[in-house]
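The residues making up each chain are set out below.
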Amino acid sequence: MERNQQLRRQLASMRQSLFDQGHLDEQFILLEELQDDANPNFVEEVVTLHYRDSARLITTIERALEKSPLDFNKLDGYMHQFKGSSTSIGAKKVKAESTQFREYCEAGNGEGCLKTFQLLKRDYATLRRKLEAYFQVLLCMG
Amino acid sequence: MATVAECSKELHVLAVDDSYVDRKLIERLLQISSCKVTAVESGTRALQYLGLDGEQSNVGFDALKVNLIITDYTMPGMTGYELLKKIKESSVFREVPVVIMSSEDVLTQIDSCLEEGAEEYIVKPVKLSDVKRLKDHIMRGEPQANGKSGLLKRKLIDDIQASSVPLSFSSSVACDLESSQLPSSLSSPNCPFKRPKLL
């Protein structure tokens, strides 16, 4: 009983910090609201699908950024998809970085794209790590 | 002629989106709203399902009962706009309302979709309230008002452009408008929309 209470507190604190640190926005809460007893793992399932979408796109974008000259149209297209997926799960920071990246694409600013992409990858990895830890605790609660 | 929506309690929706995440999301939203959902990943697959792909395949019985098609705009291969056009060209499916979803709120894009006969244009992420509103709209048999609501949205867009205030076109803007504000008579042959009038 006490362990469950501890886990519950830990979970609440992990969740809150994701919002406080600007990693997640209200879209995540909307996803949580779509969960019910018949679909208890909906959020985790959606987030897992997001990893599938986004991991593939990150690799694709990385490859595209190695080309010379840069194809800004293609880069913009990939980032549009990445942004969409991030928006749908409420990934606030990476969504903002995607927007920034697309603005650099429009301006034909290769260096801006590269810099922003590094930031995006870092924040994506952080969010992924934190969410995976969060879902693990959730799982422990049964 | 009663619409299928009026005859059956459950709406059958064909959802088209290339993103795994968005497909799952729209499926869940529609499920919660008590709709039957068929979700496909591309415009090509959607046309195949509807039997509009030019192959000799017969359209499935289920596909004939589709009451609403909701599609993403930006997709590889065939865009939602191109899919919309193909549906509106079909004698079997042209009366089925088509809703476009997009993360972009670009007025010219919205405008061209509405002109081509889209029922509505929803900016992503799609919310439960969007789906519920859409469902009510369809269940009330409002496809009969297709021309009117399209014209009203067009007017709204013209007003926005006239005021030249950059506006983030929120999905709630056009759709909160009361039917009492609709122009009373739109039977004029000068109606700019290519949508055929429903009987």
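Per an unreviewed UniProt entry, chain B goes by Response regulatory domain-containing protein and derives from Citrus x changshan-huyou.

Per an unreviewed UniProt entry, chain A goes by Histidine-containing phosphotransfer protein 4 and derives from Citrus sinensis.

1. Some details on the confidence of the model for chain B
All names here are of chain B. Here chain B shows a mean pLDDT of 76. Residues at 70 or above account for 65%. Under a pLDDT of 50 for its full length, residues 143-155 has, in the predicted model, 30 contacts with residues more than four places off or in other chains. Across residues 164-199, confidence stays below pLDDT 50; counting only partners more than four residues off in sequence or on other chains, it has 49 contacts. Across the whole predicted complex the pTM is 0.78, and at the interface the ipTM reaches 0.90.

2. Considerations on the packing of aromatic side chains
Enumeration according to the criterion identifies four aromatic pairs over all chains in this entry. Directly above the aromatic system of Tyr51(A) lies the positively charged group of Arg128(A), at a separation of 4.1 Å from the ring centroid.

3. A look at the interface of chain B and chain A
The partner chain A presents 21 residues to the 17 residues of chain B that form the contact. Between chain B and chain A the total buried area reaches about 1600 Å² when both faces are included, carbon and sulfur atoms providing 63% of it. Taken as a group, Tyr20(B), Val21(B) and Arg28(B) account for 39% of the area that chain B buries against chain A, more than any other trio of residues on that side. Put simply, chain B and chain A have three salt bridges between them. A salt bridge links Arg102(A) to Glu104(B); the nearest nitrogen and oxygen atoms lie 3.4 Å apart. Across the contact surface, chain B and chain A share eight residue pairs in polar contact (both at pLDDT 80 or more). Among the elements that take part in the side of chain B that touches chain A, helix α2 (residues 20-32) of chain B stands out by supplying nine residues, more than any other.

Analysis parameters
Residues numbered from 1 in each chain as written. Chains lettered and ligands numbered in written order. Predicted model: local features only at pLDDT ≥ 70, side-chain atom pairs only at ≥ 80, totals over all residues. Heavy atoms only, no water. pLDDT = per-residue confidence, 0-100. Contact = heavy atoms within 4.5 Å. Phe/Tyr/Trp six-rings, centres within 6.5 Å; stacked < 30°, edge-to-face > 60°. Lys NZ or Arg CZ within 6 Å of the ring centre and 35° of its normal. Buried area = accessible area lost by both parts, 1.4 Å probe. Salt bridge = Lys/Arg side-chain N within 4 Å of Asp/Glu carboxyl O. Polar contact = N/O pair within 3.5 Å; in protein donor to acceptor, adjacent residues only side chain to side chain. Helix = DSSP H or I, 4+ residues; strand = E, 2+ residues; numbered from the N terminus.

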